[in-house]
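Listed below are the residues making up each chain.
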Amino acid sequence: MRMLFLGIVIAVVSTPVFAQYRTAPNLTLRDLYGRKHRLSDYKGKILLLNFWATWCPPCRAEMPDLVKWQSQYRRRGLQLIGVTYPPTKRTEVRSFIRRLRLNYPVVLGSKETKALFAEGETLPMTVIIDRQGNIREIIEGILLPEEFEAKIKPLLEPVTRKLAAR
């Protein structure tokens, strides 16, 4: 009995612990013009899926920062995709996109689409997906600049820089 216990302890202690991330679902969503956007097409990029609605004041409040970050970090591999949340009228969404000058694709979402990532109806909600297609984090509520700096910007560092730091 003592040997069995010792064997279990050794096995547990010697097993490496790795952070496990859930793989993003294999989703295909359509934009306002009917074009398909597959999450798998963005592998190799840091993808932010931002769920929002035209009727949501906090969603509108965070969008200027999202537009700024998309412009500033596009070359480093950042890709935002806005995902509308119902109820949504296409004409309202188009007008909204033009008014806020969104510089990233917007796709039509549903309650079921959002439920693939998180339960509840909190908006905005941002899903952070790494270059390998793994969900790193889900931020419910406004994505604050401090969170961007701490959680997303490190993922945008060039791979060579990360290796040199080791």
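Scroll up for the structure.
My aim in this report is to walk through the structure given alongside it, one point at a time. The structure displayed is predicted, hence computed values, not measured ones.

Quick look at the packing of aromatic side chains
Counted under the stated rule, the structure contains 4 aromatic pairs. With a centroid separation of 5.3 Å and 40° between ring planes, the pair formed by Tyr73 and Phe148 is classed as tilted. With Tyr73 in helix α2 (residues 57–73) and Phe148 in helix α5 (residues 145–152), the pair connects residues that are 75 residues apart, well separated along the chain. A cation over a ring is seen here: Lys114 above Tyr85, with NZ or CZ 6.0 Å from the ring centre.

A closer look at the state of the cysteines
Using the criterion set out here, one finds 1 disulfide in the structure. One disulfide in the model links Cys56 with Cys59; its S-S distance is 2.4 Å. With the S-S bond torsion at 80°, the cross-link from Cys56 to Cys59 turns out right-handed. Side by side, Cys56 and Cys59 carry an identical accessibility label, which is buried.

What about the nonpolar core?
Among the nonpolar cores identified, the biggest contains 46 residues, and Leu49, Leu78, Phe117 and Ile152 are the most heavily contacted of them. Of all the secondary-structure elements, those providing two or more residues to this core are β4 (46–52), α2, β5 (78–84), α3 (90–100), β6 (106–108), β7 (125–129), β8 (134–140) and α5. Residues within four places of Ile152 in sequence aside, it is in contact with Ile46, Leu48, Leu78, Ile128, Leu143 and Glu147.

Here we look at the pattern of salt bridges
Tallying each qualifying case throughout the model produces 8 salt bridges. Arg38 is paired through a salt bridge with Asp41; the nearest N and O atoms lie 3.7 Å apart. Given a relative accessible area of 33%, Arg38 falls into the partly exposed group. In this structure, the salt-bridge partner of Glu149 is Lys153, at a minimum N-O distance of 3.5 Å. On the basis of relative accessibility, which here comes to 43%, the residue Glu149 falls in the partly exposed class. What you see here is one network of salt bridges that share partners, running through Glu137, Glu147 and Lys151.

Each value, and the rule that gives it
- Residues numbered from 1 in each chain as written.
- Predicted model: local features only at pLDDT ≥ 70, side-chain atom pairs only at ≥ 80, totals over all residues.
- Heavy atoms only, no water.
- Phe/Tyr/Trp six-rings, centres within 6.5 Å; stacked < 30°, edge-to-face > 60°.
- Helix = DSSP H or I, 4+ residues; strand = E, 2+ residues; numbered from the N terminus.
- Lys NZ or Arg CZ within 6 Å of the ring centre and 35° of its normal.
- Disulfide = S-S within 2.5 Å.
- Buried < 20%, exposed > 50% of the residue type's maximum accessible area, 1.4 Å probe, protein only.
- Core = buried A, V, L, I, M, F, W, Y, C linked by side-chain atoms within 4.5 Å.
- Contact = heavy atoms within 4.5 Å.
- Salt bridge = Lys/Arg side-chain N within 4 Å of Asp/Glu carboxyl O.

Keep in mind these numbers describe shape, not what the thing actually does.
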